[in-house]
Each structure stands twice: as C-alpha cells, then as structure tokens.
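Structural overview
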Amino acid sequence: MPTDPRRIPFPAMKSFSLFSARVRQWLSQRRLLLFSSVLALAVVAISCATASRLIVAPPQIPGATYVGSTECEQCHDKVTKEFITADHARLKAPGKNALDAGCESCHGPGSKHVESGGASHTIVNPRKNPETCFACHLDKRGQFSLPHAHPVLAGKVSCADCHNPHQGPGFAGGASLLTRNETCFRCHTAQRGPFAFEHEALRDGCTTCHDPHGTVNAKMLTSRNANLCLKCHVQDANNSVLIGGMPHSSLLRVGTCWTAGCHEAVHGSQVNTTLRY
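Residues numbered from 1 in each chain as written. Predicted model: local features only at pLDDT ≥ 70, side-chain atom pairs only at ≥ 80, totals over all residues. Heavy atoms only, no water.

Moving on: the layout of surface pockets. Which parts of space are left empty comes out when a probe the size of a water molecule is rolled across the atoms. In this structure, the second largest pocket encloses a volume near 230 Å³. At the level of elements, helix H2 (69-73) and helix H3 (77-82) are the ones that each hand at least two residues to the lining of the second largest pocket. With 3 residues, H2 is the single largest residue contributor to the lining of the second largest pocket. Counted by class, the lining of the second largest pocket contains 4 nonpolar, 4 polar and 4 charged residues. (1 Å grid on protein atoms, 1.4 Å probe; cavity = no way out; pocket = protein on both sides within 12 Å on 5 of 7 lines; lining within 4 Å. Points joined across faces, edges and corners; volume = space filled by probe spheres on them. Helix = DSSP H or I, 4+ residues; strand = E, 2+ residues; numbered from the N terminus. Nonpolar A, V, L, I, M, F, W, Y, C, P; charged D, E, K, R; others polar.)

Spelled out as structure tokens, the structure:
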C-alpha cells in the first residue's frame, strides 16, 4: 500500500525537499552549461563562415593617412600596371572606405610620401625590413631563426632578392622550375653548370633538396643524412638496398652519400657519371 504523504515524518519530508532542491539546481546548471556550449559553437560557426581570409593590420607611419593606390600610380605606373598579375594583388582592400588600398597594405599610408615628393624615409620599404613580410608569413620568421638559413634577419639578404611581390606568382623570374633555379644561380654560380654529367635533381629544382628559408641541417638541406638521397635513389631487393643496381647496404653505414668519398659533386660532375670530382 502506498504511504500517505500526510503520515511521513517531518524529518523525512525535510530531507526529501532538500534532495528535490539539489536536483533542480543540478538540472539548472546543466541547462546553463548546455546553452553556453551551443552559443560558443554558434559563434565559432559564424566566425568560420564570415572570415574567409587572413586579416592583418597594415604597417603604420606616424602622422600619415591613406591616399589610395591611384596616387601611387602617378609615379609608379609600371609597377601598378603589372600588380594586377601578382599574388599580392589579393591583399587589396576594395571599396570607397578603403580607398582601394593595395600598395599601402605593405608600404603603409602614403600621404607623407606624396607630400614630400617621394622621400624614401616617408614610406615603408619591405626590402630594408622584413617585418612587413613576416606580418603575414609568420612561419618564415621562424625558419629564418633556424641554425642554417639565408641571413635575412641580419639584413644581408632581402625577401625581395628572391621574390617579386609586384608581379606574377611571387618568384623572381616566374613560377617555372627553370626560372626558380635561375633565382638561386644568381648567387650560387658554381652550381649552375653546365656539367658533362648532371644531377637530374636539378631538373626538379633546387628546393628538391634545399629549403631556402632555413632548416636545422647544414646547407639548408631538407634532410641531414642519406635519407635525403634515398627519397629518390632506392631499390629494395632481398633485404638489400640497391642504388643504380649496386648494393649499398654496407656503404650507407660509412657516411652520408656526399661526404663518404662517393658522390661529392652532388650538383654535377665534369669527369664522372657517379658525380665525383
């Protein structure tokens, strides 16, 4: 028979009421937590849907205001005509409110530059300071800080020595492998050749083996030992490493391919098909 609530002792009724209050409080907290989670997910979803590109504040020049790329065209007409082909043209902020700010996205507001008739100290020059480039290319700042890198942070090399931000895909000379190599050969002339016996890797580009922005390996190599060569030169037969049809299992233990007295002329040789001097 069910117990008549009116006959339940007072202490038991008090305990039951306290338990019910705690249950209601727990449910209320759970509802609040669920609502907060849903709200947070909604904010993230809206942010992902509306922010489709990286938003970076352009460099600032004290006292200067934005004048728009049309003003830049008055003197830099050749650059502005070619800029439409550049990857960096995507940085242009269209619209009346932004004054079609394209050049000033990297060079800062140009009013003082215009007023001074083009004085060099009134505009930001990324060639002299890579911080403008690093504002977007954050990973490159880290790479240039690695033990083996081009001395960009020391000011001895500029991003613009290898990249053309005003025209095309950003590589000085164009996007083809041949012209990318030519960018490297302007400084690294000894590696240009021609060689009687070339290393075919050069046809794939210098960046097949080197990362020009910096690595932890000597000579900015993408791998520090024979693993670099084995990415292309490897055959496995009966648990033995074959390279060029010749067993190399024991030779690989002697040292790296280009330092063990085997293939020193890694860019090409004039005397030997196995890339020796």
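Let's pick the thread back up.
The subject of this paragraph is the nonpolar core. Residues Leu 221, Ala 226, Leu 228, Cys 257 and Trp 258 constitute the largest nonpolar core, which totals 5 residues. Not counting the four nearest positions on each side in its chain, Leu 221 is found in contact with Cys 209, His 210, Thr 215, Leu 228 and Trp 258. (Core = buried A, V, L, I, M, F, W, Y, C linked by side-chain atoms within 4.5 Å. Buried < 20%, exposed > 50% of the residue type's maximum accessible area, 1.4 Å probe, protein only. Contact = heavy atoms within 4.5 Å.)

The linkage connecting Gly 193 with the following residue, Pro 194, adopts the cis geometry, with an omega of 10°. Looking at where Pro 194 falls in the secondary structure, it is placed in the loop between helix H8 (177-185) and strand E1 (197-198). Phi at Lys 219 is positive, roughly 60°, even though this residue is not glycine. Note on placement: Lys 219 falls in the loop between helix H9 (201-204) and helix H10 (227-230). Among the residues examined, Lys 219 registers a relative accessible area of 63% and is labelled exposed. Even without glycine at this site, Leu 275 takes up a positive phi of about 60°.

On inspection of all chains with the given rule, the structure shows 1 aromatic pair. For the pair Phe 134 and Phe 144, a centre-to-centre distance of 6.2 Å together with 45° between the ring planes defines the contact as tilted. A residue pair is termed long-range when its members are at least 10 positions apart, and Phe 134 in helix H6 (residues 131-134) and Phe 144 in helix H7 (residues 138-144) qualify at 10 residues. Note on accessibility: Phe 134 and Phe 144 belong to one class, buried. (Phe/Tyr/Trp six-rings, centres within 6.5 Å; stacked < 30°, edge-to-face > 60°.)

Here we take up the state of the cysteines. A covalent bond bridging the sulfur atoms of two cysteines is what the word disulfide describes. The tally for this structure, following the rule as stated, stands at 0 disulfides. No disulfide involves Cys 162; its sulfur sits 6.7 Å from the nearest other cysteine sulfur, which is in Cys 184. (Disulfide = S-S within 2.5 Å.)

Moving on: the pattern of salt bridges. Counting across every chain of the model gives 6 salt bridges. The salt bridge involving Asp 161 is made with Arg 127; its shortest N-O contact spans 3.1 Å. Of this pair, Asp 161 sits in the loop between H7 and H8 while Arg 127 is found in the loop between helix H5 (111-115) and H6, placing the two residues 34 residues apart along the sequence. You can call Asp 161 partly exposed: its relative accessible area is 32%. Residue Arg 192 is joined to Glu 182 by a salt bridge in which the shortest nitrogen-to-oxygen separation is 2.7 Å. Of this pair, Arg 192 sits in the loop between H8 and E1 while Glu 182 is found in helix H8, placing the two residues 10 residues apart along the sequence. (Salt bridge = Lys/Arg side-chain N within 4 Å of Asp/Glu carboxyl O.)

Attention now moves to the environment of Ser 158. For Ser 158, the location among the structural elements is in the loop between H7 and H8. In this structure Ser 158 comes out as buried when scored by relative accessible area, which is 9%. Spatially, the C-alpha atom of Ser 158 lies 7.9 Å from that of Asn 129, the residues being 29 residues apart in sequence. In terms of polar contacts, Ser 158 uses its side chain to reach the backbone carbonyl oxygen of Arg 127, at 3.2 Å. (Polar contact = N/O pair within 3.5 Å; in protein donor to acceptor, adjacent residues only side chain to side chain.)

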